[in-house]
Amino acid sequence: MYEVTRGFLPHPFEIGSTPEHMWDYRDVPMARGPSLSRRLRASARNALELARFGRLGEDYSATFDIVDTGPHHRLRRYAGPADGPVALLVPPLMLTAEIYDVAPDTSAVSYLGDGGVSPWVVDFGAPEHERGGMSRSLDDHIRAIVTSIERVRAVTGKDVHLCGYSQGGMFAYQTAAFLRGEGIRSVVTFGSPVDIHKNLRAVRSDLAGHFAKTMHPLASALFERMEGLPGKLTSTAFKIVSTRKELEQRIDFLRSLHDRDRMVKREARRRFLGGGGFVAWPGPAFRAFVDEFVVHNRMMSGGFVIDGRTVSLADLALPILAFVGSSDEIARPATVRAIAKAAPDADVHFMTVRGGHFGIVVGGSAMAETWPAVAEWIKNDASLPPAASTRELDDDDDEPGGDLDLELDLAFDVAARTVKDAWRKLGEVVASANATVDTVRWQEPRLRRLASIEPETKISASRELARRAKETPDATFFLWRGRAFSFRDADTRVSNVARGLTFVGVRPGEKVGVWMHSRPSLLSTATALGRIGAIAVIAPPDAPREGVEDAFRDAGVDRIVVDPEHVGIPGALVLGGGSKRAIDGAFDMEAVDVTEIALEHADEGAARDLAMILLRPSEQDGALRAVPVTNHRWALSAIGAAAVCTVEPADTVLCAVPLHHPTGLLVSAGAALAGGARLALVEMPRKDYAGALVAAIRHAGATIVFYTGEMLRPLLEERADRHLPVRLFAGSGMRPALATRLRERFGVDTIEFYAGTAHRAILADASGDAPGSLGSVLPGSAEVTLVAFDPETRQVVRDGAGHLVHAGAEEAGLLAVKVEPDEILPGAIANAFADGGTWLVTNDVLERDATGKLWFVDALSRFVGGVSLRRVEDALYTLPEVQLAAAWESGGRVHAGYVAREAIAPERLLAALGDLPVHAGRVPEIQLTEGFRVLPPRVAPR
């Protein structure tokens, strides 16, 4: 329980009392002088008192008031100026709030109060002694800090400087990001790690990540059975990690045992570190800490969830002062300094204090360096005094510290080198093994699953969601506008929408139009229609209403589901929109009481069944054309992408492509669902979106970004630091040269996909060793080949018998896809080759290299006079000034335009284009389609 009027170590005797049976050292005569015998006698007396009563001297605690009490905390106010700036101090979970008030000469709250700062402390108490304390979550602690900030502001009328030691500093970062800085003037942390994977300095951080992910499944079962970590365990762990300091203190204790005055002065600190200052760590909070911040390292990557909201340190845009312990073994300097990368928009300063983890806040260095700097920082309104050192060390530049004898230093150095070598070798083995494990665990089973799908196999997006909701109901599925929703939430929403659709009369096999913006309601509606066996006909949200209505009519649609922005079609069903709903006479689906509506024969869809129809704008005239998608086609895209990208539950997939686009609905959302990963849905602005894309990646902690066309090219122009949490860019339409430049810029690999919309061919480079390559067919894909064509006439080549001709080795050819007997594909050619099979010749020109990998060349329609327009654009992209390029045909002549950050000399432009017959020049703007493909400029190049 909380001890308010006493210190952190209650004692059975009142302060100042001396019971008759208590030995008083003052009654024992002691000879003067430094003789060894007198020192031994004094040491014996002090040791006996410690043995009998557990302490020397009286308990200590600075005076404080309890200003607020909550279910998980109490808010302390210590003595300080009533009108001074406010410091709110947060302790770590395993330590008591007395970390800021250990002893009179090392009391942070007393120093701040005397120095003109009003000190307040969040006291989490001892969970093991609180009702329900061992059931606390990390969110409970964040809520307690938020409540404390609100209370302090209400009392003082001032914003707070939020300060935290160790994990308390992590709480401070998380709370400030959760509140988006509201009510917080600055954040001050002491030895608070951000990139926890860097804490193993003998192992590269990527290897540490592999190690953590490999070991986590082995430890998670044990963690689940634990109520929490007892205070004695955390105290022991602290001593083990800080062995050097522990030995120093033990040696100093023995050397000083005869000196009672010195012993009494250091008694509070000794007892605190001896275990009295340590409390239990609640089980739910501990498990969440390990999963979120140790295994997944989300302090660094972003996208952790607090109270159902997604949070990232990239959201921080306020002053930060981070103290680094030069010899800190618990939060190594590199892990602390990582805040500068995790919060690129914050004004970050560092101060290095000579000492270890505990010495940053308690002890001589803390009183001489740390707290004076904190007081000046706060009184100067979050700016450092001119004399303060704020230099940032390199990641591996750990300053020396400690004051042990040389013999001990040498012993530690030898041991450290041995441990480093062992860790490094283990890390490299784990990294190699982890890559193999990822392939065995995530890739191969999915590829086998694709190969095993038969026409009658029960499979659909709805069925996959139901499976995930059953296996991992509480795991986060998708992130939307800062909110997080679990698989259970998503599955419940889909079932309720399916019940609502059943209520209004939708039946299996019926085609239902869906006209919505990229929002969860579109995903829910399409999936719900699949759950009851109906077919979603999905139109682009920005398409003209007349064209959408015509396309719906041609597809046989009788009912239309819209969001509030598309209300206006007579008889439309309105879904979603939250508080901004405006249905204007349409039927409000949200008002249907679905509690009594049964779902019969749910998720009965087979692979061969039609799942949805995507209405795609034609490149020629913009008219909407129907692209049917079967459940098998969905599975090829979703499970295939999840397999090739080794998507796992730890991943966050960012969908920045509109949901109605195949890459959005089938690949991005599908891969996240098939991989059990998180799906971050974002709405991208149509222009100047690079900054918004980087912000979305950091906020969600995205590890996989699916792209299309030129979507990622503007990232090269973004003036952001190199750090992104992304491990993989995947999609279609990226040029190999851009993949290389993105890897150089961000260190991120790229996988290029090819997935047909009108056929079952799906290609990808599963090995990932040829950036930009389409690789080869995936299991379950239709058989493919390349057929010879004439680039001048754009016609396929036939032999004397009228059969198609296979393209030669390393020769560009049109991709042809074999059609199964039960498939009906318009334009398919029967008896295309001498074998008598039926093949569909696509509009895509590919080339097979000497290793057998396929590479995209261009669309057949983009060959003009034998010249590929993509080749022209590639030539322009060799000029580093070019930001975007487009080539097109007009009047039988090839034109090219480019957007550049500065003028390009004519001779350099001619050299880049070489012998290509093209008229090229600079244009003010090049527009992109919804799929981020270039549209020819409306003005002639100059």
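1. Considering the overall build of the chain
Right, so step 1: If you tally the helices and strands in the chain, you get 24 helices and 39 strands.
Right, so step 2: In the chain, which comprises 942 residues, the share counted as buried stands at 55%.
Right, so step 3: Put simply, of all contacts in the chain between residues at least 6 apart along the chain, 69% involve residues at least 24 apart.
Right, so step 4: Accessible area for the chain stands at about 40200 Å²; split by element, carbon and sulfur atoms hold 52% of it.

2. Brief notes about the environment of Pro658
Right, so step 1: Mapped onto the elements, Pro658 comes out in the loop between β22 (652-655) and α20 (662-675).
Right, so step 2: Note on Pro658: relative accessible area 15%, which makes it buried.
Right, so step 3: Through-space distance from the C-alpha of Pro658 to that of Leu681 is 9.1 Å; in sequence the pair is 23 residues apart.
Right, so step 4: For Pro658, the residues in contact, after removing those within four places along its chain, are Ser518, Gly664, Glu930 and Phe932.

3. A look at the pattern of salt bridges
Right, so step 1: Evaluated as defined, the whole model comprises 38 salt bridges.
Right, so step 2: Close ionic contact of Arg488 with Asp474 constitutes a salt bridge, the shortest N to O distance being 2.4 Å. Residue Arg488 is located in helix α16 (residues 487-503), and its partner Asp474 is located in the loop between α15 (461-471) and β13 (476-480); the two are separated by 14 residues in the primary sequence.
Right, so step 3: By relative accessible area, Asp474 is classed as exposed at 56%.
Right, so step 4: Each of the salt bridges in this network shares a partner with another, and the network as a whole consists of Glu710, Arg713, Arg735, Asp858, Arg862, Glu873 and Asp874.

4. Observations regarding the sheet that holds strand β34 (residues 854-859)
Right, so step 1: Strand order in the open sheet formed by four strands is β29-β32-β33-β34, with antiparallel pairing between adjacent strands. The open sheet has two edge strands with one neighbour each: β29 (784-787) and β34. Here the strands of the sheet are splayed against their neighbours by 50° on average, with no regard to which way each runs.
Right, so step 2: Inspection of the sheet shows strand β33 (residues 839-848) paired to β34 by five bridges, in the antiparallel sense. Along β34, the bridge assignment pairs Glu847 with Trp855.

5. Considering the packing of α15 against α16
Right, so step 1: With their axes 8 Å apart at the nearest point, α15 and α16 run at an angle of 135° to one another. Here α15 is positioned oblique relative to α16, judged by the angle of their axes. Seen along the crossing, α15 lies across α16 with a hand that is left-handed. In contact with Leu465, Ala466, Arg468 and Ala469 of α15, α16 contributes Phe487, Arg488, Ala490, Asp491 and Val494.
Right, so step 2: A per-class count over the contact of α15 with α16 returns six nonpolar, no polar and three charged.

6. Considering the confidence of the model for the chain
Right, so step 1: On average, residues of the chain score 82 in pLDDT, and 78% of them are at 70 or above.
Right, so step 2: Predicted confidence for residues 1-33 stays below pLDDT 50, and this span has 65 contacts to residues more than four positions away or in other chains.
Right, so step 3: Counting contacts from residues 202-212, a segment whose pLDDT is below 50, to residues more than four positions away or on other chains yields 24 contacts.

7. A short note on the packing of aromatic side chains
Right, so step 1: Enumeration over the complete set of coordinates arrives at 14 aromatic pairs.
Right, so step 2: Relative to Phe478, the ring of Phe477 has its centre 5.8 Å away and its plane inclined at 85°; by these criteria the two rings are edge-to-face. Exposure class is identical for Phe477 and Phe478. Each is buried.
Right, so step 3: An angle of 65° between the planes, with centres 5.3 Å apart, marks the rings of Tyr689 and Phe932 as edge-to-face. Taken together, the residues Tyr689 in the loop between β23 (678-681) and α21 (690-700) and Phe932 in the segment after β39 (918-922) connect sequence positions 243 residues apart. The pair Tyr689 / Phe932 is uniform in exposure class, with both members buried.
Right, so step 4: Members of the aromatic cluster, connected to one another through ring pairs, are Tyr100, Phe190, Phe323 and Trp371.
Right, so step 5: The ring of Phe178 carries the charged tip of Arg309 above its face, separated from the ring centre by 4.2 Å.

8. Digging into the sheet that holds strand β18 (residues 573-574)
Consider a sheet: its strands pair through backbone hydrogen bonds, and that pairing is either parallel or antiparallel.
Right, so step 1: If you walk across this open sheet you meet the seven strands as β19-β18-β17-β15-β16-β20-β21, and the pairing is mixed. Looking at which strands have only one partner, the edges of the open sheet turn out to be β19 (587-588) and β21 (624-630).
Right, so step 2: Across the face of the sheet, helix α18 (residues 545-555) comes into contact with β15 (511-515), β16 (535-539), β17 (559-562), β20 (610-617) and β21 while running at roughly 165° to β15.
Right, so step 3: Where α20 meets the sheet, its contacts fall on β16, β20 and β21, and the angle it forms with β20 comes to roughly 140°.

9. Observations regarding empty space enclosed by the protein
Right, so step 1: Counted by the stated rule, this structure contains three cavities of 30 Å³ or more.
Right, so step 2: Around the largest cavity, the lining residues are Arg713, Leu716, Glu717, Arg741, Pro880, Val882, Gln883 and Arg901.
Right, so step 3: Looking at the lining of the largest cavity residue by residue, the class counts come to three nonpolar, one polar and four charged.

10. Examining the side chain of Asn631
Right, so step 1: Mapped onto the elements, Asn631 comes out in helix α19 (residues 631-644).
Right, so step 2: Apart from the residues within four sequence positions on either side, Asn631 is in contact with Ile459, Ser460, Gly605, Ala606, Ala607, Asp609 and Ala611.

11. Focus: the nonpolar core
Right, so step 1: Membership of the largest hydrophobic core comes to 97 residues, with the highest contact counts inside it found for Tyr173, Phe190, Leu313, Phe323 and Trp371.
Right, so step 2: Considering each element in turn, this core owes the most residues, eight residues, to helix α13 (residues 364-379).
Right, so step 3: Discounting chain neighbours no more than four positions away, the residues touching Leu313 are Tyr173, Gln174, Ala177, Val194, Met299, Phe304, Ile339, Ala342 and Ala343.
Right, so step 4: Listed in part, the 73 residues of the second largest apolar core include Ala498, Leu636, Val653 and Phe753.

12. Let's talk about the pairing of strand β3 (residues 86-90)
Right, so step 1: With five of five residues buried, β3 is to be regarded as a mostly interior element.
Right, so step 2: Side-chain alternation along β3 places Val86, Leu88 and Val90 on one buried face and Ala87 and Leu89 on a second face that is also buried.
Right, so step 3: Both β3 and strand β4 (residues 118-123) contribute to a ladder of four bridges, which runs parallel. Counted as the bridge partner of Val86 is Ser118 from β4.
Right, so step 4: Relative to strand β5 (residues 160-165), β3 runs parallel, the two sharing five bridges. Note that in β5 the partner of Leu88 across the bridge is Leu162.

13. Quick word on helix α23 (residues 869-877)
In an α-helix there are 3.6 residues to a turn, and that puts residues three or four apart on one side.
Right, so step 1: In terms of burial, α23 is a largely internal element, seven of the nine residues being buried.
Right, so step 2: The backbone nitrogen of Arg870 has a side-chain oxygen 3.3 Å away, supplied by the residue at the start of α23, namely Ser868.

14. Topic: the environment of Lys458
Right, so step 1: In this fold, Lys458 is placed in the loop between α14 (406-452) and α15.
Right, so step 2: Counting along the chain gives 149 residues from Lys458 to Ala607, while the straight-line C-alpha distance between them is 6.1 Å.
Right, so step 3: Non-local contacts of Lys458, meaning those with residues more than four positions away in its chain, are made with Arg463, Glu604, Gly605 and Ala606.
Right, so step 4: A distance of 3.0 Å separates a polar atom in the side chain of Lys458 from the backbone oxygen of Glu604.

15. Description of the pairing of strand β1 (residues 64-70)
Right, so step 1: Sheet analysis places β1 next to strand β2 (residues 73-78), joined by six bridges and oriented antiparallel. Each residue of the ladder has a partner; that of Ile66, found in β2, is Arg76.

16. Digging into unusual backbone geometry
Right, so step 1: For Arg180, which is not glycine, the phi dihedral falls at a positive 55°.
Right, so step 2: The residue Arg180 is located in the loop between α4 (167-178) and β6 (184-190) in this model.
Right, so step 3: For Arg180, a relative accessible area of 54% puts it in the exposed group.
Right, so step 4: Positive phi outside glycine occurs at Asn831, with the angle close to 50°.
Right, so step 5: Counting through the fold element by element, Asn831 comes out in the loop between β32 (813-818) and β33.
Right, so step 6: Under the relative-accessibility criterion, Asn831 is labelled partly exposed at 40%.

Scoring rules and cut-offs
Residues numbered from 1 in each chain as written. Predicted model: local features only at pLDDT ≥ 70, side-chain atom pairs only at ≥ 80, totals over all residues. Heavy atoms only, no water. Helix = DSSP H or I, 4+ residues; strand = E, 2+ residues; numbered from the N terminus. Buried < 20%, exposed > 50% of the residue type's maximum accessible area, 1.4 Å probe, protein only. Contact = heavy atoms within 4.5 Å. Areas by Shrake-Rupley, 256 points an atom, 1.4 Å probe, with all protein chains shown as cover. Salt bridge = Lys/Arg side-chain N within 4 Å of Asp/Glu carboxyl O. Pairing = 2+ DSSP bridges. Axes fitted to C-alpha atoms, helices over the stretch in contact; angles between N-to-C directions. Parallel < 35°, antiparallel > 145°, perpendicular 65-115°, else oblique. Left-handed = near helix turned anticlockwise from the far one by under 90°. Nonpolar A, V, L, I, M, F, W, Y, C, P; charged D, E, K, R; others polar. pLDDT = per-residue confidence, 0-100. Phe/Tyr/Trp six-rings, centres within 6.5 Å; stacked < 30°, edge-to-face > 60°. Lys NZ or Arg CZ within 6 Å of the ring centre and 35° of its normal. 1 Å grid on protein atoms, 1.4 Å probe; cavity = no way out; pocket = protein on both sides within 12 Å on 5 of 7 lines; lining within 4 Å. Points joined across faces, edges and corners; volume = space filled by probe spheres on them. Core = buried A, V, L, I, M, F, W, Y, C linked by side-chain atoms within 4.5 Å. Polar contact = N/O pair within 3.5 Å; in protein donor to acceptor, adjacent residues only side chain to side chain.

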